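Secondary and tertiary structure notes
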Amino acid sequence: MNIAVVGTGYVGLVTGACFSEIGVYVTCVDVDENKIQQLKEGIVPIYEPGLEDLVKKNHQAGRLQFSTDLTDCLEEVDVIFSAVGTPPDEDGSADLRYVLEVAQTIGKHINHYILVVTKSTVPVGTAQKVKAAIQKELDKRGVIVPFDVASNPEFLKEGTAIKDFMSPDRVVVGVESERAKELMDRLYKPFTLNHYRMIYTDIPSAEMIKYAANAMLATRISFMNDIANLCDLVGADVNSVRNGIGSDTRIGSKFLYPGCGYGGSCFPKDVKALIKTASQYGYSMQVLQAVEAVNDKQKTILFDKLKATLACHCGLDPQSHDLLGKTIALWGLAFKPDTDDMREAPSVVLIDLLLNAGCTVKVYDPVAMDECKRRFEDKVIYAQDMYDAALDVDALLLLTEWKEFRLPSWKVLKKTMNHPIVLDGRNIYDKKEMKENGFIYECI
Ligand SMILES: NC(=O)c1ccc[n+]([C@@H]2O[C@H](COP(=O)([O-])OP(=O)(O)OC[C@H]3O[C@@H](n4cnc5c(N)ncnc54)[C@H](O)[C@@H]3O)[C@@H](O)[C@H]2O)c1
């Protein structure tokens, strides 16, 4: 089978590489010439464990090609997956510019039946817009070419994307023809041989499933952050509370971890887009508005805790809480471990707050340093390693729970930091141990 995957980002490249791994001939297309050139040379421009090996292996085997022009492969392909970005528009709705551009290109050039599958996260009704855009171009050409559209939202998690794609919990597919269903069945069967986990539905429901899933996960996080903040006030331990409620099988233990806010390329934009979709239909998503408000506040919580802690222990003016001249270390920049993605990461909010307050900011992340340089250039100091970051700082803030941060040498840190202050944005350290090591420790 021959397919094209348009958009070679986190989703598109993983999709292309994984389909090529099971024997499908794949052309990955992107408008970013630099990216395509790198991929042709075997360089994977994003950090995703296992992806580079998969890309190199299948490229060498001739099953995975790269191009900047979709028309290069249109003659041969049976299915086109569209995995281009759908960033938030100024009003929070999903910007469908790239999705519709791809549809137009398809309409301008197809000459045989093709199934056009939207993999990007798009609002309900987008498949119909894609269909209309393709049809409009066919009408302009005055030709009749059969085609189908389908929705196949992606649920992979950055950091475990290959595993998630290769053994998915489920594959959701929205179709409106038997031909489209058969094609999707053929393509996905190799991934679902052990447990048949295909969920077929109508297209609007498939589009909605993706948003509802992300909105539910974001809701759990904001709910736990709200509970954690209340625990702080009433003197309860949120970790015990989490264990207590997570063991209830109706609730389950996943996605109940309080922290310094959710980020990434999906939850923030998808929550916003769902709120926007609802408002376009005259409905108000009150739970999700609260989820978003709690998350925005949560991204600043370490900054507030930092001011309070320094005021308490380092003679900071309790009125102004002036941080001017303080040096602060950040461990972790990516929005979560095992990715270099800093989109909407709490680190971005914190760096801005700290720089505006007149602090010197020293940062370290195992893989997101280049991404940070791209965003913050020389505004922050880039450390060689985690200990270098903490050298001579007034406080250390843990933002991403990378494994290498889990068990640091507190003895070394105690000697090298100006003040032994650690603010743990992911609750990975032990309060008692921190106290025994002589640290002033705050968590969520
Ligand atoms: N990143 C994730 O973890 C994840 C998970 C599930 C779903 N999604 C969704 O998948 C979609 C893609 O996300 P991503 O993180 O891979 O985005 P990304 O920004 O990493 O990649 C998008 C790619 O599309 C390319 N592109 C834009 N317009 C194009 C065009 N007309 N032709 C060809 N290429 C074009 C861009 O150059 C870019 O390389 C989004 O809708 C996102 O919400 C993302």
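These lines cover the structure that appears in this document, whether it is placed above or below. Note that the coordinates shown come from a computational prediction; the quantities given were computed from them, not determined experimentally. (Residues numbered from 1 in each chain as written. Predicted model: local features only at pLDDT ≥ 70, side-chain atom pairs only at ≥ 80, totals over all residues. Heavy atoms only, no water.)

1. Regarding the overall build of the protein chain
What the protein chain contains, in helices and strands, is 17 helices and 14 strands. Compactness check: the protein chain gives a C-alpha radius of gyration of 24 Å against a globular reference of 22 Å for 444 residues, within 12% of the reference. Across the 444 residues of the protein chain, 52% fall into the buried class. Taking contacts inside the protein chain between residues at least 6 apart in sequence as the whole, the part at least 24 apart equals 72%. Per element, the accessible surface of the protein chain, about 20100 Å² overall, is 51% carbon and sulfur. Taken as two groups, the 50 positive and 62 negative side-chain charges of the protein chain have centres that lie 4 Å from each other. (Helix = DSSP H or I, 4+ residues; strand = E, 2+ residues; numbered from the N terminus. Rg over C-alpha atoms; globule rule 2.2 N^0.38 Å. Buried < 20%, exposed > 50% of the residue type's maximum accessible area, 1.4 Å probe, protein only. Contact = heavy atoms within 4.5 Å. Areas by Shrake-Rupley, 256 points an atom, 1.4 Å probe, with all protein chains shown as cover. Lys, Arg positive; Asp, Glu negative; His and termini not counted. Charge placed at Lys NZ, Arg CZ, Asp CG, Glu CD.)

2. Comments concerning the site of the ligand
Around the ligand there are 27 residues in total, and Asp30, Lys35, Thr86, Glu158 and Lys269 lie nearest to it. Residue Glu158 places a side-chain N or O atom 2.7 Å away from a nitrogen atom belonging to the ligand. For the ligand, an oxygen atom lies 2.5 Å from a polar atom in the side chain of Lys269. Relative to its unbound accessible area of 830 Å², the ligand is 89% covered by the protein chains. Mapped onto the shell around the ligand, the elements with two or more residues apiece are helix 1 (10-21) and helix 4 (97-109). Take the shell around the ligand: its biggest share by element is 3 residues, from helix 4. Considered class by class, the residues forming the shell around the ligand number 10 nonpolar, 8 polar and 9 charged. (Near = heavy atom within 4 Å. Polar contact = N/O pair within 3.5 Å; in protein donor to acceptor, adjacent residues only side chain to side chain. Nonpolar A, V, L, I, M, F, W, Y, C, P; charged D, E, K, R; others polar.)

3. Regarding the pairing of strand 6 (residues 147-151)
For a regular strand, side chains alternate in direction, first toward one face of the sheet and then toward the other. Of all 5 residues making up strand 6, 5 are buried, and the element is well covered by its neighbours. Here strand 6 shows two buried faces, one formed by Phe147, Val149 and Ser151 and the other by Asp148 and Ala150. Of the pairings in the sheet, the one linking strand 5 (residues 114-118) to strand 6 comprises 5 bridges and is parallel in character. Its bridge partner being in strand 6, Val117 is matched across the sheet by Ala150. Handedness of the β-α-β unit built from strand 5, helix 5 (residues 126-141) and strand 6 comes out right-handed. (Pairing = 2+ DSSP bridges. Right-handed = clockwise from strand over helix to strand, strands pointing away.)

4. Some details on the sheet that holds strand 11 (residues 381-382)
The sheet built from 6 strands is open, its strands ordered 11-10-9-12-13-14 with parallel pairing. Lying at the two open borders of the sheet, with one neighbouring strand each, are strand 11 and strand 14 (440-443). The sheet contact formed by strand 10 (residues 360-364) and strand 11 spans 2 bridges and is parallel. Across the sheet, Lys362 pairs through a bridge with Ile381, a residue of strand 11.

5. Here's the deal with the side chain of Glu371
Relative to the assigned elements, Glu371 resides in helix 14 (residues 369-376). According to the relative accessible area criterion, Glu371 is buried, its value standing at 18%. When residues no more than four places from it in sequence are discounted, the contact partners of Glu371 are Asp340 and Met342.

6. Let's talk about the packing of aromatic side chains
Scanning the model with the defined rule gives 13 aromatic pairs in all. When the ring of Phe19 is compared with that of Tyr188, the centres are 5.4 Å apart and the planes differ by 65°; the resulting orientation is edge-to-face. Of this pair, Phe19 sits in helix 1 while Tyr188 sits in helix 7 (residues 178-188), and the two are 169 residues apart along the sequence. Aromatic side chains Phe19 and Phe191 sit 5.5 Å apart centroid to centroid with 70° between the ring planes, which places their arrangement in the edge-to-face category. Of the two residues, Phe19 is situated in helix 1 and Phe191 in the loop between helix 7 and strand 8 (198-201); the sequence distance between them amounts to 172 residues. Classification of Phe191 by relative accessible area gives buried; the value is 4%. (Phe/Tyr/Trp six-rings, centres within 6.5 Å; stacked < 30°, edge-to-face > 60°.)

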